[in-house]
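Okay, here's what each chain looks like letter by letter:
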Amino acid sequence: MVPEPPLPPLISTQIKHLLVHSHLPFRIEQIWSGCKNSRFSDRFTLLVPFCLDYVKWEVIYNAFFPFSAPDIVFSPEDEEFRPLLPAIDGEGEDESQARLMRSSLWNWNSKDPSMLFNLVHELRGLYVQYQRKRVGQVDDTRLKFEMSTIFSREGIEVCLMSGPDKSEEVKFVVPLLDLDLNKRVHACPWKQEQKIFLQVVFPLSRRHSPTPAPHIKLVSSSQLKDLFSVEDIKLPSWVDGMCMAEYLPSLEDTLNLQILKAVEYIGGRRRFIEALAPKFGRPLEADPIFCRTATFLAVTGAFTFLVHFSLSTQFPKQQPTLILQSSQHFNSQGAPVMSPPLHNCPWSPRWSPTEMAERIFDFLVKECIGFKMYCLDAVVP
Amino acid sequence: MSFYDPVGRIDPDAIRAAAPAAEGGLPILLGWFCGRRRTSLRPSMREVAVSNSLFKTLTVTPIAGLESPPPRPCIFLLLSFSSTDNQAIHTHEYRSFHLRRNPIAGIGVLEPRSLHIVNIGPDFRGHYGSFSPESALPWMHLPAKDDLAQKESLRNLQDRAAAQRLLASSAEGFTVDQLAQLVGPGAAEYTSELENLYMKMILKLEGLARLVEKSSAAVLEQENKNLKLRSRLAGLE
């Protein structure tokens, strides 16, 4: 493969602006040049986050005309998405004209780094409306009821999905808890706003047989994992004949409690790490915000090694995982010798932090002899 | 973007300048095409808009004196080219679309249509078999035995002048008389004349080829200059 040339500065500045400033996780998948022997690439695939998934848009610039506005080819299943034409639901010529005049394509200026950002966000907004319209046209009484009762909530995205093998489905993505999760964590390091979504997929049955229950799943933005995992949350069961407007309040109550607990757990982990200090000395390194990890230096005779503690979001219900790392023994690749994760230290969530620390210390006093032997074995003779 | 803007609106002046106008109005257009390298063969958002604007913009005034209104421009041809890294295989893809107005939505929808391309090859022998040659040159009279029988009328002279001009466009310095000698029973004696004609035709072709080459080089040079200017303007240099 001949490597593709780089993007010209005008385009790459616009892409960088989009990726850095958007609150949505846009991604660039592939970059290529439309012309052989060109100095610059001018086409790329943009992955647009939508409905907890991505849609692929092909963005086409022209390196030979650096000041021209780009064009976009949408996915094959979105042929009916025509953002430059009046929308189907009776948007008049004048309204559509006014909308176009406000669009960034109307006054395209390649030297403005925010141009692509604006264009893509405008189009994504139209795409969300377009998908809503498609779902609105589905002839299904339950779906129509769900939409009429739930669309008053903000930020809901819906889409119609159909595969060649599967029958049609409608996916709802509902942002939960109208609160700023970032503010719940002291000295919060998250740059992007963290969110929890409920994904509800309704299978569409052609027959008038009893309507099947929807598939429900909780999804969170990725960094929230440091605080708690949505997979640990037990979803309330979906009773036959239920609708989302009924289901959501109890789920949000459960989530709210879970978040309060998760924030409390940070304090519990902090107290545990502090209790380790009198026995092990001050930690070399510790996660100051979520208190999920801490590393201590330990010495026995002439053997020095590190002890890595990792604490789950379920601490103290789940015991910490320990990994020992020698500071004197190295394997053939030159990496320090490490023990496999140790889960078998004595543990009870009811012990006080001081007792937990003492028991682990005693456990390690015994364990370190075995670890020294393990290190000697692992070192190349 | 020659005749449309970033949101797909048509510039009628640009179209008027590009195609000589029909009687008293805009030219009759069948449609338009777009070639873009290494891209998916699906109409882009702008192409859909341009097709719609063309359909709408160019059909407002019916041409006086014509009973039925001119056909609306409704054909869209999408072309894409790509080649392998070593330039061994060049792929030329095409798809054609027909714009049909959706009566409910009031917007035109591009529907794919199959496109039949007549090409060289065994599959198309029928097309070549049915070919009948047509010549623009006048019918050559066999040389008359009696010179007096063929009077040099004015009409005849005019015909000859026209034929001479036509012949000069493909071979320089060859007269109609010489050509006339090549027809008829005595033609076998004139093989050298035939070679002469051939040579002259080739000379003419070579001259034309050189002209084309020169003008292409000039166009390319100008294109490169324009490209450099555009790049400099965009701060790419």
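Residues numbered from 1 in each chain as written. Chains lettered and ligands numbered in written order. Predicted model: local features only at pLDDT ≥ 70, side-chain atom pairs only at ≥ 80, totals over all residues. Heavy atoms only, no water.

- An unreviewed UniProt entry annotates chain A as BRISC and BRCA1-A complex member 2 originating from Platanthera zijinensis.
- You can read under Sequence similarities (unreviewed entry) in the UniProt record for chain A the words "Belongs to the BABAM2 family." (UniProt positions renumbered as here; feature names shortened; annotations may be inferred.)

**Some words on the nonpolar core**
For step 1, the next point in the chain: With 68 residues, the main nonpolar core has Phe172(A), Ile196(A), Phe228(A) and Phe272(A) as its most contacted residues.
For step 2, the next point in the chain: Ranked by the residues each element gives to this core, the list is headed by helix H6 (residues 244-280) of chain A, at 13 residues.
For step 3, the next point in the chain: Of the domains in this structure, domain 2 (132-262) and domain 3 (269-378) of chain A are the two that each give at least three residues to this core.
For step 4, the next point in the chain: Of all hydrophobic cores here, the second largest spans 58 residues; its members include Phe81(A), Leu85(A), Met45(B) and Leu110(B). (Core = buried A, V, L, I, M, F, W, Y, C linked by side-chain atoms within 4.5 Å. Buried < 20%, exposed > 50% of the residue type's maximum accessible area, 1.4 Å probe, protein only. Helix = DSSP H or I, 4+ residues; strand = E, 2+ residues; numbered from the N terminus. Domains from an automatic or database assignment.)

**Brief notes about the interface of chain A and chain B**
For step 1, the next point in the chain: Listed per partner, the contact involves 43 residues of chain A and 31 residues of chain B.
For step 2, the next point in the chain: Here chain A packs against chain B, burying approximately 3300 Å² in sum over the two surfaces, 62% of which is carbon and sulfur.
For step 3, the next point in the chain: For the pair chain A and chain B, the number of links is one salt bridge.
For step 4, the next point in the chain: Note that Arg38(B) and Glu4(A) form a salt bridge whose closest N and O atoms lie 3.0 Å from each other.
For step 5, the next point in the chain: For the side of chain A that touches chain B, the residue count by class is 28 nonpolar, six polar and nine charged. (Contact = heavy atoms within 4.5 Å. Buried area = accessible area lost by both parts, 1.4 Å probe. Salt bridge = Lys/Arg side-chain N within 4 Å of Asp/Glu carboxyl O. Nonpolar A, V, L, I, M, F, W, Y, C, P; charged D, E, K, R; others polar.)

**Structural notes on the pattern of salt bridges**
For step 1, the next point in the chain: What the rule picks out here adds up to 10 salt bridges over all chains.
For step 2, the next point in the chain: Two residues, Lys56(A) and Glu29(A), come together in a salt bridge whose shortest N-O distance is 3.3 Å. In this pair, Lys56(A) is assigned in strand S3 (residues 53-60) and Glu29(A) in strand S1 (residues 27-32), connecting sequence segments 27 residues apart.
For step 3, the next point in the chain: Two residues, Arg113(B) and Glu111(B), come together in a salt bridge whose shortest N-O distance is 3.4 Å.
For step 4, the next point in the chain: Exposure remark for Arg113(B): the relative accessible area of 39% places this residue in the partly exposed category.
For step 5, the next point in the chain: For Glu111(B), a relative accessible area of 23% gives the class partly exposed.
For step 6, the next point in the chain: Each of Arg100(B), Glu111(B) and Arg113(B) takes part in one network of salt bridges that share partners.

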